[in-house]
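# Chains, contacts and geometry: an overview
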Amino acid sequence: MNAPTPGDVAVYAVTAKGLALGRALARELPATLFAPARLAGDGAVPFESLSALVAETFHQRRAHVFLCACGIAVRAVAPHLRGKAADPAVVCLDDTATFAVSLLSGHLGGANDLARRLAGLTGAVAVVTTATDAAGAPAIELLARDAGLSLDNPVATRRINAALAAGELVAVFDPLGAFAPPEAAARHFVWVADPAEVGPDEPLALVDWRAGPETPTRLYLRPRVLVAGIGCRKGASAEAILELVDAACRQYRLAPASIGLVASIEAKGHEPGLLEAARRLGAATVFFPADALSGISVPHPSAMAAKHMGVESVCEAAAIVAANRGRLVAPKTKNAVATLALALAR
């Protein structure tokens, strides 16, 4: 995992022996150390109730290290679990530093790597029980992360990783060539030219910007290759803009998770709703001066845009320019406060 900051990692000690260990770990990781009020002293944040503290910190921190029995840690975090794509890493290290157990979010959250790091710092044995690690096979979540691909239908990671752990070849459909794992991992996969080549009960990773049927065997890995060109009225809300994005993606069978860039005209560069919509999409933003959008050939020029913005198109022109003259995959669509077009980046 990447080097954390104190705001990323929480260390919880519940005994005096654990507190001494926690002080050392808090310096090395680095991390924020929490301890019972009766023990805390200098360098530790006191707490009265571990369960109440974890309720507050669990989704604020990227990783949690419990210096206690696994049962205590499990009971503390259980009420707050959302799913593998959202939960932070949880590692349990006994206060004698004998075992560092990766409990939760071993792959995506980085708990497996954190357990190994704690083992290296303390001399403990790292206990990693994820099937792919036990089998010496790659994990699809980590390969996707390293390739800059987000997960859609993450429930299908179970079937993919089970196949990898069993030594089976997993089919990959990747029309853009965005999935290029290291050679040692690549031998676990076979690339196919058409998803139809793979039976419905066989595992398949689809590296695609297009939506498709979600099944327990089909894992979608989303490349950030779509550009959302957006025009909006002053004061348009993020909710209204995102509703338009969702509607257009459903209509044209596109994946919102593949939107990597939101583009518009410079005059909209400070619209709070537009900026918030981009943030929620996890997309970067770019705003073009009017002369960069003028003269762009679009299928749906607008006299209204020409009158108010000085260009015949905002959404379609911005999408095309930001996509490096890529093709429109969703032409102009609109609601009461916004216009949208989506282009596939070249």
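Everything numeric in this text was worked out from a predicted model, so none of it was measured.

### Here we look at helix α10 (residues 272-281)
- Turning to α10, its buried residues number three or more, namely G273, L274, A277, A278 and L281. All buried residues of α10 project into a common sector of 135 degrees when viewed along the axis, lining one side. Exposed and facing more than 90 degrees away from the buried side of α10 are P272 and R279.
- Where α10 is buried, its residues contact β13 (226-232), α9 (238-252), β14 (259-265) and β15 (284-288).

### Considerations on unusual backbone geometry
- Between L29 and the following residue, P30, the backbone shows a cis peptide bond with an omega angle of -15 degrees.
- Along the polypeptide, P30 turns up in the loop between α1 (16-28) and β2 (32-36).
- Phi at S105 takes a positive value of approximately 60 degrees, unusual for a residue other than glycine.
- Along the polypeptide, S105 turns up in the loop between β6 (99-104) and α4 (111-122).
- On the basis of relative accessible area, S105 is assigned to the buried category, the value being 12%.

### Quick look at the UniProt feature "domain: Cobalamin synthesis G N-terminal" (unreviewed entry) in the protein chain
- Sites flagged by UniProt as "domain: Cobalamin synthesis G N-terminal" (unreviewed entry) map to residues 53-133.
- For residues 53-133, the helix share is 35%, the strand share is 23%, and the end-to-end C-alpha distance is 32 Å.

### With respect to the domain arrangement of the protein chain
- For the protein chain, the assigned domains read domain 1 (9-129), domain 2 (140-222) and domain 3 (226-344).
- A separation of 32 Å is found between the C-alpha centroids of domain 1 and domain 2.

### Thoughts on the sheet that holds strand β17 (residues 338-344)
- Spatially, the five strands line up as an open sheet ordered β15-β14-β13-β17-β16, and their pairing is mixed. In this open sheet, the two edge strands, each paired with only one partner strand, are β15 and β16 (328-334). Direction aside, the axes of adjacent strands within the sheet are offset by 20 degrees on average.
- As paired strands, β13 and β14 are joined by four bridges and run parallel to one another. Bridge assignment links G229 to a residue of β14, and that residue is A263.

### Structural notes on the nonpolar core
- In terms of nonpolar packing, the biggest core is built from 28 residues, with I241, L254, I259, V262, L340 and L342 touching the most fellow members.
- Per-element tally for this core: the top contributor is α9, with seven residues.
- Within the second largest apolar cluster, 26 residues are counted, among which are A35, A89, A100 and A111.

### As for the pairing of β13
- The buried count for β13 comes to seven of seven residues, which makes it a mostly enclosed element.
- Burial along β13 is two-sided: the face carrying L226, A228, I230 and C232 and the face carrying V227, G229 and G231 are both buried.
- Considered for its hand, the β-α-β crossover made up of β13, α9 and β14 is right-handed.
- By the bridge criterion, seven bridges tie β13 to β17 in an arrangement that is antiparallel. Residue pairing in the sheet places V227 in a bridge with A343 of β17.

### Structural notes on α9
- Its 15 residues place the ends of α9 21 Å apart at the C-alpha level, agreeing with the 21 Å of an ideal helix rising 1.5 Å per residue.
- Taken together, the buried positions of α9 are occupied by A238, A240, I241, L242, L244, V245, A248 and C249.
- Buried residues along α9 sit in contact with β13, β14, α10, β16 and β17.
- One or two positions beyond α9, positive phi appears at R253, with a value near 55 degrees.

Reading guide: rules and limits
- Residues numbered from 1 in each chain as written.
- Predicted model: local features only at pLDDT ≥ 70, side-chain atom pairs only at ≥ 80, totals over all residues.
- Heavy atoms only, no water.
- Buried < 20%, exposed > 50% of the residue type's maximum accessible area, 1.4 Å probe, protein only.
- Helix = DSSP H or I, 4+ residues; strand = E, 2+ residues; numbered from the N terminus.
- Arc of directions from axis to C-beta.
- Contact = heavy atoms within 4.5 Å.
- UniProt positions renumbered as here; feature names shortened; annotations may be inferred.
- Domains from an automatic or database assignment.
- Pairing = 2+ DSSP bridges.
- Axes fitted to C-alpha atoms, helices over the stretch in contact; angles between N-to-C directions.
- Core = buried A, V, L, I, M, F, W, Y, C linked by side-chain atoms within 4.5 Å.
- Right-handed = clockwise from strand over helix to strand, strands pointing away.
- Expected span 1.5 Å × (residues − 1).

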